[in-house]
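These are the residues of each chain, in order.
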Amino acid sequence: MSKVSASAVRDVIVEIKKGSEEKKRNFVETVELQIGLKNYDPQRDKRFSGTIKLPNVARPNMSVCVLGDAFHCDQAKAAGMEFQSVDDLKKLNKNKKLIKKLAKRYDAFVASEALIKQIPRLLGPGLHKVGKFPTPVSHAESLTDKANEIRATIKFQLKKVLCLAVAVGHVGMTEDQLIANVMLSVNFLVSLLKKHWQNVKSLYLKSTMGKPHRLF
Amino acid sequence: MANIDFGFKDQYVFDVTANSQYVIASASDQLVRLYDANSLQPVTSLAFHQKRISKMKLYNDQYLFTASEDGKLARWDLRSQSTAPAQVFQYTRPLSAFDVNCNDTMAVAGTLNEEFVQTAELAFFDTRQSSLLHKFEESHGDDVTDIQCHPSIPSQLISCSTDGLVNSYDVKDFDEDEDILAVINSGSSVSKAGYFGPDANYMFYLTHLETFALYTLDGDLVCDYGQLKNIEGVDYAIDCLFDQTTSRLYLATGNNNGDVSLFHVNINELQRCQVLSGGHTDVVRSIYWNHTSQSILTGGEDGKMCAWQAVQ
């Protein structure tokens, strides 16, 4: 049984959106979930790390580049997506500076299944350190759907402190969208903890510049 | 089933293993404890590491290795009477994973990603001289969680990380730009990865979200078993073990009550073959399975090590 109800979340989100309207910033504020843990020892308990796919896109401005075979390059072009073909990648000649530039230009990459096995040969480890190794995409999948899937997926990892902050959306989303994202995130993350709700000390929701609102 | 209770109720057993003389456990108090393999009576403790022992592995009947967040990788000679390491490899970063290659010429250690450094490294050591041969600084963007050296090719290995990647390498010339053979992106955070198959042509990975998949070494998906928690009685994976003599692959899983379920890994099917219950009362963190003697050891967060006999 979840200890957080959708209506409680809605109340908080209304507050957050109001606060964000009252003090408008020149960027779209992220909505962040902060989880305080208890009865958990990062030094010896199992790692708390992974990704969550949210029902609604949390980072709409995330730029995704397609590393495509002929089929996907055509599809990308038609969809107005940025792309690089095998030949484009070969032209980089494994030049580290150019690869670094490519890595910096986009937030994420998808690569045709046929191409992804060539990535180490074409680009070396250039995309690894920055966490941008491509996600595979097959001919049967839609490129735009895949890109949105990436924009809706967030990483989380608890390191040394007992607090985890996770971006679950932004203030431009509707209340319903934010509620769906928050409920899924909370229930998913709690389900990963050994003692579930007994491992949760507190839950706060806030916008980037706003004050934290307690959920639990 | 025999039960070895450390008596330190608030310590966790991390890794368990055994050779012909001893049954061995590493624990969260930074000690490695040796017990007589027959009587299960305590023999000695190895006190050396000053920080968490991230991994302990038995290399062969004579040598045990331990790696720690104190930056040291230690080799222990189980045939000597000494309680000091026979060899120490010192590194400047906390070590979170390691392995030693098949001909004992090279040790590979992986590090944590630390905020002020923002990179995780792979350090390659010459085991004949304890010296650092090389390091890779670009292959992983976050904590290295597991390393496995190829069972018969001394220059090949697999590493995996919380960055979601499983990399396989051939490091004949230590050229990081050229040495990566294949990369699998799990899309998540990988806890364990390794080779399996009679010719070690395949690899498996387990993620921190408790998903499990098999791939060819080239990077083609063989089978994705998805979320293991969907299996009744399973809360997490403990390890994936390959029995060389029968060419069978096993998945060891556990639940939060301490019950262990062992599965045959078949294509598209996980077939439960044995349940070990009545031993542990909390999360089981490691398993050692001797397929010759069919004895199994498990260690867990209840501070216990349990010895079991597997059914044929």
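Residues numbered from 1 in each chain as written. Chains lettered and ligands numbered in written order. Predicted model: local features only at pLDDT ≥ 70, side-chain atom pairs only at ≥ 80, totals over all residues. Heavy atoms only, no water.

1. Looking at the overall build of chain A
So, point 1. Secondary structure summary: chain A contains 8 helices and 10 strands in total.
So, point 2. In terms of overall dimensions, chain A has C-alpha extents of about 55 × 45 × 35 Å along its principal axes.
So, point 3. Taken across its 216 residues, chain A has 47% of its residues classed as buried.
So, point 4. Accessible surface computed for chain A: about 10900 Å², of which carbon and sulfur atoms make up 52%.
So, point 5. For chain A, the distance from the average site of its 38 positive side-chain charges to the average site of its 20 negative ones is 10 Å. (Helix = DSSP H or I, 4+ residues; strand = E, 2+ residues; numbered from the N terminus. Buried < 20%, exposed > 50% of the residue type's maximum accessible area, 1.4 Å probe, protein only. Areas by Shrake-Rupley, 256 points an atom, 1.4 Å probe, with all protein chains shown as cover. Lys, Arg positive; Asp, Glu negative; His and termini not counted. Charge placed at Lys NZ, Arg CZ, Asp CG, Glu CD.)

2. Describing the overall build of chain B
So, point 1. When helices and strands are tallied, chain B shows 0 helices and 28 strands.
So, point 2. For 312 residues, the compact-globule estimate of 2.2 N^0.38 gives 20 Å, and the C-alpha radius of gyration of chain B, at 18 Å, lies within 12% of that figure.
So, point 3. Overall, chain B is about 50 × 50 × 40 Å in size when its C-alpha atoms are taken along their principal axes.
So, point 4. Each of the 312 residues in chain B was classed as buried or not, and the buried ones make up 63%. (Rg over C-alpha atoms; globule rule 2.2 N^0.38 Å.)

3. Re the packing of aromatic side chains
Residues and elements named next belong to chain B.
So, point 1. Scanning all chains against the criterion turns up 16 aromatic pairs over all chains.
So, point 2. Ring centres of Phe124 and Phe136 lie 4.9 Å apart, and the angle between their planes is 70 degrees; on these two criteria the pair is classed as edge-to-face. Taken together, the residues Phe124 in strand 12 (residues 120-126) and Phe136 in strand 13 (residues 131-140) connect sequence positions 12 residues apart. One exposure class covers both Phe124 and Phe136, and it is buried.
So, point 3. Here the guanidinium or amino end of Arg52 rests over the ring plane of Phe14, the centre of that ring lying 4.9 Å away.
So, point 4. The ring of Tyr63 has Arg75 lying over it, and the distance from NZ or CZ to the ring centre is 4.6 Å. (Phe/Tyr/Trp six-rings, centres within 6.5 Å; stacked < 30°, edge-to-face > 60°. Lys NZ or Arg CZ within 6 Å of the ring centre and 35° of its normal.)

4. Side note on the interface of chain B and chain A
So, point 1. Contact with chain B, which involves 46 residues of that partner, is made by 27 residues of chain A.
So, point 2. Considering only the side of chain B, the residues that lose the most area to chain A are Glu138, Asp177 and Leu209 of chain B, jointly responsible for 19% of the buried surface there.
So, point 3. Lys117 of chain A serves as the salt-bridge partner of Asp220 of chain B, at 2.8 Å between the closest nitrogen and oxygen.
So, point 4. Every element with two or more residues in the side of chain B that touches chain A is listed here: strand 13, strand 16 (165-170), strand 17 (180-185) and strand 22 (236-243) of chain B.
So, point 5. The element contributing the most residues to the side of chain B that touches chain A is strand 17 of chain B, with 5 residues. (Contact = heavy atoms within 4.5 Å. Buried area = accessible area lost by both parts, 1.4 Å probe. Salt bridge = Lys/Arg side-chain N within 4 Å of Asp/Glu carboxyl O.)

5. Section: the pattern of salt bridges
Close approach of charged atoms lets side chains of opposite charge pair.
So, point 1. Going through the model one piece at a time under the given rule, you end up with 28 salt bridges over all chains.
So, point 2. Across the pair Lys46 of chain A and Glu210 of chain B runs a salt bridge whose closest N-O atoms are separated by 3.9 Å. Here the residue Lys46 of chain A occupies a position in the loop between strand 1 (30-37) and strand 2 (49-53), and Glu210 of chain B occupies one in the loop between strand 19 (202-207) and strand 20 (211-216), the pair thus bridging two chains.
So, point 3. On the basis of relative accessibility, which here comes to 27%, the residue Lys46 of chain A falls in the partly exposed class.
So, point 4. Of the charged contacts in the structure, one is a salt bridge between Lys159 of chain A and Asp142 of chain B, with a shortest N-O distance of 3.1 Å.

6. Describing the domain arrangement of chain A
So, point 1. The domains assigned to chain A are domain 1 (6-48 + 158-214) and domain 2 (64-150).
So, point 2. Its C-alpha centre places domain 1 of chain A at a distance of 32 Å from the equivalent point of domain 2 of chain A. (Domains from an automatic or database assignment.)

7. A closer look at a positive patch on the surface
So, point 1. Taken together, the side chains of Lys3, Lys38, Lys201 and Arg214 of chain A make up a positively charged region of the molecular surface.
So, point 2. Examined against the element boundaries, Arg214 of chain A turns out to sit in strand 10 (residues 213-214). (Patch = residues over 30% accessible without salt bridge, like charges linked within 9 Å, V, L, I, M, F, W, Y side chains within 5 Å.)

8. Some words on the sheet that holds strand 11 (residues 106-111) of chain B
Residues and elements named next belong to chain B.
So, point 1. Taken together, the 4 strands give an open sheet; going across it, the order is 10-11-12-13, and neighbouring strands pair in antiparallel fashion. Taken across any chain shown, the strands that pair with only one partner, and hence form the sheet edges, are strand 10 (95-100) and strand 13. When strand polarity is set aside, the average angle formed by the axes of neighbouring strands in this sheet is 20 degrees.
So, point 2. Sheet topology note: the strand 11/strand 12 ladder contains 5 bridges and is antiparallel. (Pairing = 2+ DSSP bridges. Axes fitted to C-alpha atoms, helices over the stretch in contact; angles between N-to-C directions.)

9. Re the nonpolar core
Residues and elements named next belong to chain A.
So, point 1. Core analysis: the biggest nonpolar cluster contains 37 residues, and Leu33, Phe48, Phe156, Leu189, Leu203, Leu205 and Leu215 have the highest contact counts within it.
So, point 2. For this core, the elements supplying multiple residues, two or more each, are helix 1 (6-22), strand 1, strand 7 (153-157), strand 8 (163-170), helix 8 (175-192) and strand 9 (200-207).
So, point 3. Of the residues forming this core, the biggest block, 8 residues, is contributed by helix 8.
So, point 4. With residues near it in sequence (within four places) discarded, Phe48 still touches Tyr40, Phe156, Gln157, Leu158, Leu164, Leu189, Leu192 and Leu193. (Core = buried A, V, L, I, M, F, W, Y, C linked by side-chain atoms within 4.5 Å.)

10. Side note on the UniProt feature "repeat: WD" (unreviewed entry) in chain B
So, point 1. The sites that UniProt annotates as "repeat: WD" (unreviewed entry) are residues 46-86 and 277-312 of chain B.
So, point 2. Here residues 46-86 of chain B is 0% helix and 49% strand, with 12 Å between the C-alpha atoms at its ends. (UniProt positions renumbered as here; feature names shortened; annotations may be inferred.)

11. Some details on the confidence of the model for chain B
So, point 1. When pLDDT is averaged along chain B, the result is 95; 97% of the residues meet or exceed 70.
So, point 2. Model confidence for the complex: the whole-complex pTM is 0.95, and ipTM, which rates the interface, is 0.94. (pLDDT = per-residue confidence, 0-100.)

12. Some thoughts on unusual backbone geometry
Glycine aside, the phi torsion of most residues is negative, and most peptide linkages are trans.
So, point 1. Positive phi is not limited to glycine here, since His196 of chain A has a value of about 50 degrees.
So, point 2. Tracing the chain through its elements places His196 of chain A in the loop between helix 8 and strand 9.
So, point 3. The phi dihedral of Leu40 of chain B is positive, around 60 degrees, even though this residue is not glycine.

13. Points about the sheet that holds strand 6 (residues 53-58) of chain B
Residue and element names in this part refer to chain B.
So, point 1. Taking strand neighbours across the sheet as the criterion, the 4 strands line up as 6-7-8-9 in an open arrangement whose pairing is antiparallel. Edge strands, defined here as strands with exactly one partner in the open sheet, are strand 6 and strand 9 (87-90). The sheet shows a mean angle of 15 degrees between the axes of neighbouring strands, taken without regard to direction.
So, point 2. As judged from the 5 bridges shared by strand 6 and strand 7 (residues 63-68), these two strands associate in the antiparallel manner. Directly across from Met56, in strand 7, lies its bridge partner Thr66.

14. Let's talk about the pairing of strand 4 (residues 31-36) of chain B
All names here are of chain B.
So, point 1. In this structure, strand 3 (residues 22-27) lies alongside strand 4, joined through 5 bridges in antiparallel fashion. Of the residues in strand 4, the one forming a bridge with Ala25 is Arg33.
So, point 2. In this structure, the hairpin formed by strand 3 and strand 4 is closed by a connection of 3 residues, where Gln30 is found at a positive phi of approximately 70 degrees.
So, point 3. Sheet analysis places strand 4 next to strand 5 (residues 42-47), joined by 5 bridges and oriented antiparallel. From the neighbouring strand, Leu31 faces strand 5, where its bridge partner is Ala47.
So, point 4. Adjacent in sequence and paired antiparallel, strand 4 and strand 5 are bridged by 5 residues, among which Leu40 carries a positive phi angle near 60 degrees.

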